[in-house]
Amino acid sequence: MMKSFRRSGDLAITGANARWYDKNSRQTRLAEMERYAKELSVFLPANAAALEIAPGPGYLSIALSRMGNYHVTGLELSQDFVDIARRNAHNAGVAVDFRQGNAADLPFNTDSFDGIICTAAFKNFREPTKALREIHRVLKPGGTALIIDMNPQITSPQISHYVRDQMHMKGLPALFMQVTFNYFLRKGAYSRDELAVMLREFPLRDCRIWEEDITLHVKLTK
Ligand SMILES: C[S@@+](CC[C@H](N)C(=O)[O-])C[C@H]1O[C@@H](n2cnc3c(N)ncnc32)[C@H](O)[C@@H]1O
């Protein structure tokens, strides 16, 4: 189902869905966002320029900007999320440059960023190969990009454990989340082999793909 939605356009999250996503992320995913921010920060030099693509409500960018003297930018398709992320950064007392734009057409100069991260969003892009090409273009030589998204090969019991033990969700909200993961997100996600094929077209210094809980992590160095 997600694949056919994606063919007709990028899957931006807007309006009430964006407000629900913000609340749910604040309640269940802050630790995960912090973990991903740390995963990128080990590759960042002091005063690094970092980019998050599709930050949604912005919690990863906010966590990253607290981890070092970084200049963090978040590029998000949904203007509703840009407004929410700006408000969240303001409330957190950090400076992150959240702006509206499309991953397939990044409004940045070539070789601009020391590090780039994109989580739970790559499968939403209508033009994933174009987005990868753009990530590669705006990354500085020697810079690192991390793309983290759902692993389509995970099982339903793995999803249930994740929702219960990592997201700490219970009852009806947990059931709703499991159904979303099982029948919508998992089916739209790219496998390790599909990602490897897309990545073949770029001259990379290093590229690794590995599994972690319910996700696949791609780390590429330009
Ligand atoms: C499931 S959310 C993930 C948000 C956040 N990264 C996280 O981990 O919670 C997917 C995000 O991708 C955004 N999105 C979809 N297509 C996009 C595109 N082409 N360019 C930029 N953002 C896009 C959506 O608006 C949404 O905020």
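Values in this document were obtained by computation on a predicted structure and should not be read as measured data. (Residues numbered from 1 in each chain as written. Predicted model: local features only at pLDDT ≥ 70, side-chain atom pairs only at ≥ 80, totals over all residues. Heavy atoms only, no water.)

**Q** How do you make sense of the site of the ligand when you look at a structure like this?
**A** As a structural note, the neighbourhood of the ligand is formed by 23 residues, with Tyr-21, Arg-29, Ala-54, Glu-76 and Thr-119 the closest of them. One of the side-chain N or O atoms of Arg-29 is found 2.7 Å from an oxygen atom in the ligand. At a separation of 2.9 Å, a nitrogen atom of the ligand approaches a polar backbone atom of Ala-103. Protein contact buries 97% of the 600 Å² of open area that the ligand shows by itself. More than half of the atoms belonging to the ligand lie within 2 Å of the grid points that define the largest pocket. Grouping the constituent residues of the shell around the ligand by class yields 13 nonpolar, 6 polar and 4 charged. (Near = heavy atom within 4 Å. Polar contact = N/O pair within 3.5 Å; in protein donor to acceptor, adjacent residues only side chain to side chain. Areas by Shrake-Rupley, 256 points an atom, 1.4 Å probe, with all protein chains shown as cover. 1 Å grid on protein atoms, 1.4 Å probe; cavity = no way out; pocket = protein on both sides within 12 Å on 5 of 7 lines; lining within 4 Å. Sits in = over half its atoms within 2 Å of the grid points. Nonpolar A, V, L, I, M, F, W, Y, C, P; charged D, E, K, R; others polar.)

**Q** Mind showing me how you'd approach the packing of aromatic side chains here?
**A** Two numbers describe a pair of aromatic rings. These are the distance of the centres and the angle of the planes. Per the stated rule, a full pass over the model turns up 6 aromatic pairs. Note on Trp-20 and Phe-176: the rings are 5.8 Å apart at their centroids and 85 degrees apart in plane angle, and the pair reads as edge-to-face. With Trp-20 in helix H2 (residues 15-28) and Phe-176 in helix H8 (residues 171-188), the pair connects residues that are 156 residues apart, well separated along the chain. Looking at Trp-20, the relative accessible area reads 39%, which means it is partly exposed. For the ring pair Tyr-162 and Phe-181, a centre distance of 6.2 Å and an interplane angle of 80 degrees mean the geometry is edge-to-face. Placement of Tyr-162 in helix H7 (residues 156-166) and of Phe-181 in helix H8 is noted, with a sequence separation of 19 residues between them. Owing to a relative accessible area of 10%, Phe-181 belongs among the buried residues under this scheme. By the ring-pair criterion, three or more aromatic residues cluster together here, those being Phe-122, Phe-125 and Tyr-190. (Phe/Tyr/Trp six-rings, centres within 6.5 Å; stacked < 30°, edge-to-face > 60°. Helix = DSSP H or I, 4+ residues; strand = E, 2+ residues; numbered from the N terminus. Buried < 20%, exposed > 50% of the residue type's maximum accessible area, 1.4 Å probe, protein only.)

**Q** Got a minute to help me understand empty space enclosed by the protein in this structure?
**A** Over the atoms rolls a probe the size of a water molecule, and in doing so it shows where empty space is left. In this structure the tally under the stated criterion is 1 cavity of 30 Å³ or more. In this structure, the largest cavity spans a volume of roughly 60 Å³. If you trace the largest cavity, you find it lined by Phe-122, Lys-123, Ile-147, Ile-148, Asp-149, Met-150, Ala-189, Tyr-190, Leu-195, Leu-216 and Val-218. Of all the secondary structure elements, the ones that give two or more residues to the lining of the largest cavity are strand S5 (139-150) and strand S7 (215-221). In terms of residues, the lining of the largest cavity owes the most to one element, S5, which gives 4 residues. When grouped by side-chain class, the residues that make up the lining of the largest cavity number 9 nonpolar, no polar and 2 charged. (Points joined across faces, edges and corners; volume = space filled by probe spheres on them.)

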